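# Residue-level structure breakdown
This is what each chain is made of:
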Amino acid sequence: MSGTKAASQLISVKTLYSIQSPMNRTPILFDSDQTDTLTPSSPESLGFNRSFFLPAQTPASTETVDGFSSFAPTRYESGYAYPLIVWLHGRDSDQFEIERAMPHVSTQNFVAVSARGNRPSYYIPGAYSWGDSPGEVADAADKVEQCIKLAKAQFNIHCDRIFLAGSSTGGTLALRLAMEYPGICAGAVSLGGRLPRGNRPLKRFQETQRTPLMLAVSASESYSFDDLKQDITLIHSAGFPLEVMLCPRGDYICSEMLAHVNTWIMKQVCPQSVSAHC
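Values in this document were obtained by computation on a predicted structure and should not be read as measured data.

### Overview of the pattern of salt bridges
For the coordinates displayed, the defined rule picks out 9 salt bridges. In this structure, Arg 194 engages Asp 227 in a salt bridge whose closest nitrogen and oxygen atoms are separated by 3.4 Å. Pair noted here: Arg 194 is in the loop between β10 (187-191) and α5 (205-208) and Asp 227 is in helix α6 (residues 225-238), with a separation of 33 residues, a long-range link. What makes Arg 194 partly exposed here is its relative accessible area of 21%. In this structure, Lys 229 engages Asp 226 in a salt bridge whose closest nitrogen and oxygen atoms are separated by 3.6 Å.

### A short note on helix α3 (residues 134-154)
End to end, α3 covers 31 Å across 21 residues, agreeing with the expected 30 Å (1.5 Å per residue, within 8%). By the burial criterion, the buried members of α3 are Glu 136, Val 137, Ala 140, Ala 141, Lys 143, Val 144, Cys 147, Ile 148, Leu 150 and Ala 151.

### Overview of the side chain of Asp 231
Inspection of the secondary structure assignment puts Asp 231 in helix α6. Overall, Asp 231 belongs to the buried group, its relative accessible area being 0%. One polar contact links the side chain of Asp 231 to the main-chain amide nitrogen of Leu 195, over a distance of 3.1 Å. Excluding anything up to four places from it in sequence, Asp 231 contacts Arg 194, Leu 195, Arg 197 and Tyr 223.

### Describing the pairing of strand β5 (residues 82-88)
Of all 7 residues that make up β5, 7 are buried, and the element is covered over most of its length. Two strands pair when backbone bridges link them, and β5 and strand β9 (residues 157-167) are joined in this way by 6 bridges, in the parallel orientation. In the strand pairing of β9, Leu 84 is matched with Ile 162. You can see the chain leave β5, run along helix α2 (residues 97-105) and come back into strand β6 (residues 111-115), and the turn it takes is right-handed.

### Structural notes on the packing of α2 against helix α7 (residues 255-269)
One can describe the packing of α2 onto α7 by two numbers: an axis separation of 7 Å at closest approach and a directional angle of 65°. Where α2 crosses over α7, the two elements pack in a sense that is right-handed. Contacts between α2 and α7 pair Ala 101, His 104 and Val 105 from the former with Leu 258, Ala 259, Val 261 and Asn 262 from the latter.

### Side note on the packing of aromatic side chains
Under the criterion given, the structure shown has 4 aromatic pairs. Measuring from centroid to centroid gives 5.3 Å for Tyr 76 and Tyr 82, while their planes differ by 20°, and the two rings are stacked. Residue classification places Tyr 76 among the partly exposed positions, given a relative accessible area of 30%. For Tyr 82, a relative accessible area of 2% puts it in the buried group. Here the aromatic rings of Tyr 76 and Phe 155 are separated by 5.5 Å at their centres, their planes lie at 70°, and the arrangement is edge-to-face. Of this pair, Tyr 76 sits in the loop between β4 (68-72) and β5 while Phe 155 sits in the loop between α3 and β9, and the two are 79 residues apart along the sequence. Each residue in the set Tyr 76, Tyr 80, Tyr 82 and Phe 155 is aromatic and connected to the rest through ring pairs, giving one cluster.

Thresholds applied
- Residues numbered from 1 in each chain as written.
- Predicted model: local features only at pLDDT ≥ 70, side-chain atom pairs only at ≥ 80, totals over all residues.
- Heavy atoms only, no water.
- Salt bridge = Lys/Arg side-chain N within 4 Å of Asp/Glu carboxyl O.
- Helix = DSSP H or I, 4+ residues; strand = E, 2+ residues; numbered from the N terminus.
- Buried < 20%, exposed > 50% of the residue type's maximum accessible area, 1.4 Å probe, protein only.
- Expected span 1.5 Å × (residues − 1).
- Polar contact = N/O pair within 3.5 Å; in protein donor to acceptor, adjacent residues only side chain to side chain.
- Contact = heavy atoms within 4.5 Å.
- Pairing = 2+ DSSP bridges.
- Right-handed = clockwise from strand over helix to strand, strands pointing away.
- Axes fitted to C-alpha atoms, helices over the stretch in contact; angles between N-to-C directions.
- Left-handed = near helix turned anticlockwise from the far one by under 90°.
- Phe/Tyr/Trp six-rings, centres within 6.5 Å; stacked < 30°, edge-to-face > 60°.

So, to be careful, I would describe these as geometric facts and stop short of saying anything about function.
Here it is, written out as structure tokens:
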């Protein structure tokens, strides 16, 4: 086996595709040999639901309100207006997923708030998911607004730096809200969640197509590489700025996905000085 092929087996995270703006779209690249970024990784995984998330690596500063959970930076500075992440938990989970996810994103760069889903789990008592009917989507948008109000009441938040991020069905919801609700966020991240289907998620794309999107995918039976190509094609056709990460096969969230959420959001916030963390 050649050194190149051997090394490629150690690579787990790849930036497959990146469009900087809807006015300057580049050809879609699906060939893994044409990837832009290759990042070595460990086999660590952070599965979609709460039973699979790893414990936080560092203590998280969190507060809870009924149905909501918030995360504060470890060295919070009241004079700095922080970017806000509204975290939308995955299938069969709850708002406390934020406590296990955010330390792997960043313990310093963001304030984050999460709301409990609006559809009780059929399988896990006390767990929730997000529904995708028009009424449930509207309810989810209201919950996002409540998250933003809760964050602003507790922390100094930069109003133009509010991002949606979620895992599995929460990621799908983040994409739908970013596409359907102009001005609701400055960008959206889906970790393992497909582009929404049904109820015309792109019906307002002309109003929202400048909203940057990030997809992070671990190819699996539930979200195959062919599914990903279809989603990229649709997003590309609608003109949304897009970045895609591909991780090893397996129905889980790898730690690099969460770490890249930090990099990607900071790149939107201050593209010329990501390493300086604004």
